[in-house]
Amino acid sequence: MGVHVGEHVISLDMKEDGASLNFVSHAHSDHTGGVKKGNAILCSSITRDLIEARIKFRLNLAEKPKSVELISSGHMLGSSQLYVEMEDGTSLVYTGDYQMQRSPAAEKIEVRSADILIMDSTYPFPNVTFEEKEEVMTSIQHYISKKRGTGSVLFGAYSMGKAQELIRICNDIGISPIVDSSIEKISRIYSRHGVELDFRPSAVEERIDRDYFEADAWIVSMGRLDKVRRMVSESGRRIFTAVATGFARSRRFSTDVQFAMSDHADFRQAIEYLEICNPKQIYTRGSESAVFAKNLRSFGYNAMELRPDIGLNRFIETYA
Ligand SMILES: [Zn+2]
């Protein structure tokens, strides 16, 4: 399922035999299948730094073919869409994970018009919609401020992307949250690339400094939430657990509160994207691609599921 560009076959966020270039849209691990020692990688320099923080070798960053551009997808820092202009003038965009709303810790998305669009389908249902991000951020700030006098708010979060958004949300109300070491490592890379983040690191996996028990907010990796909750409450401090994720729309978490704050586009944002991009043909991609394509068709769009057996040669033929 690669994109044929001149003599190149570019894989899209996955391992693919025969790919000469591997496009990696962003550093989340479900998109880094093409990352292997020696593989030629197409990604932003920020994505490279974030990936290298988690692997033991240097990425082999390839030179971009002339017809290829990486443009922001707004999903997390460094996340990119692949934009290709074919020799015959046909243009193609692959979105990867994207959102139309502005993240407090990432670049704004750029949407271009294109003939062919390969679109992520994480939230395929018209009835699943997210509130304005600004509003959710304000609710989070309000919650932390309310609890400030009585205890600490402890967030469990993905250490890359969501954790840095939460740090910014805390910083905007004058709070410097405590973070665990994996969030610290990623946040330092964010800071190096221009995202101002004020936090206090703590190796919570070992022990917690006594001074930190009075902190107003904590942000730790999901897997450490229960352990830190136990450690802080044993000190006698009240603790309120929280998550901020798009899945809070459809799932009940075992935390005291959950905020539906997503870094993905919902169906409404997908339509907003399509109005600007105005593609002649849409291919949907991801675990919900079939239902997403069906729902787009019912809204009058020319959409079909992108299946692994459709190579771009056929893909262009289908389009032409
Ligand atoms: Zn992602």
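Residues numbered from 1 in each chain as written. Predicted model: local features only at pLDDT ≥ 70, side-chain atom pairs only at ≥ 80, totals over all residues. Heavy atoms only, no water.

Visitor: Looking at this model, I keep getting lost on the packing of helix H2 (residues 133–147) against helix H3 (residues 162–171). Mind explaining?
Guide: Helix-helix packing is characterised by the crossing angle of the two axes and by the distance between the axes. For the pair H2 and H3, interaxial distance at closest approach is 10 Å and the crossing angle is 65°. Seen along the crossing, H2 lies across H3 with a hand that is right-handed. For the pair H2 and H3, the contacting residues are Lys133, Met137, Ile140, Gln141 and Ile144 in the first and Glu165, Leu166, Ile169 and Cys170 in the second. (Axes fitted to C-alpha atoms, helices over the stretch in contact; angles between N-to-C directions. Helix = DSSP H or I, 4+ residues; strand = E, 2+ residues; numbered from the N terminus. Left-handed = near helix turned anticlockwise from the far one by under 90°. Contact = heavy atoms within 4.5 Å.)

Visitor: Please clarify how unusual backbone geometry should be interpreted in this entry.
Guide: Backbone phi values are negative for most residues with the exception of glycine, while trans is the configuration of most peptide bonds. Its identity is not glycine, yet Asp13 carries a phi of approximately 60°, on the positive side. Within the secondary structure, Asp13 sits in the loop between strand E2 (8–12) and strand E3 (21–23). Residue class for Asp13 comes out buried when judged on its relative accessible area of 6%. We note that Asn278 has phi near 50°; this positive angle belongs to a residue other than glycine. For Asn278, the location among the structural elements is in the loop between helix H6 (267–277) and strand E16 (281–285). (Buried < 20%, exposed > 50% of the residue type's maximum accessible area, 1.4 Å probe, protein only.)

Visitor: It is not clear to me how the nonpolar core should be interpreted in this structure. Could you clarify?
Guide: Proteins that are soluble and globular tend to have nonpolar side chains buried together. Residues Leu50, Ile140, Phe155, Leu166, Tyr190, Ile219 and Phe259 are the most contacted members of the largest nonpolar core, which totals 44 residues. Listed by contribution, the elements that provide at least two residues to this core are helix H1 (45–52), H2, strand E10 (151–157), H3, helix H4 (181–192), strand E13 (217–221), strand E14 (238–244) and strand E15 (257–259). In terms of domain composition, this core takes at least three residues from each of domain 1 (3–128 + 264–319) and domain 2 (133–259). Ignoring anything within four residues of it in the chain, the contact list for Phe259 reads Val136, Ser139, Ile140, Tyr143, Phe155, Ala242, Val243, Ala244, Thr245 and Ala248. Counting 22 residues, the second-largest nonpolar core is a separate cluster that includes Tyr83, Val93, Ala265 and Ala293. (Core = buried A, V, L, I, M, F, W, Y, C linked by side-chain atoms within 4.5 Å. Domains from an automatic or database assignment.)

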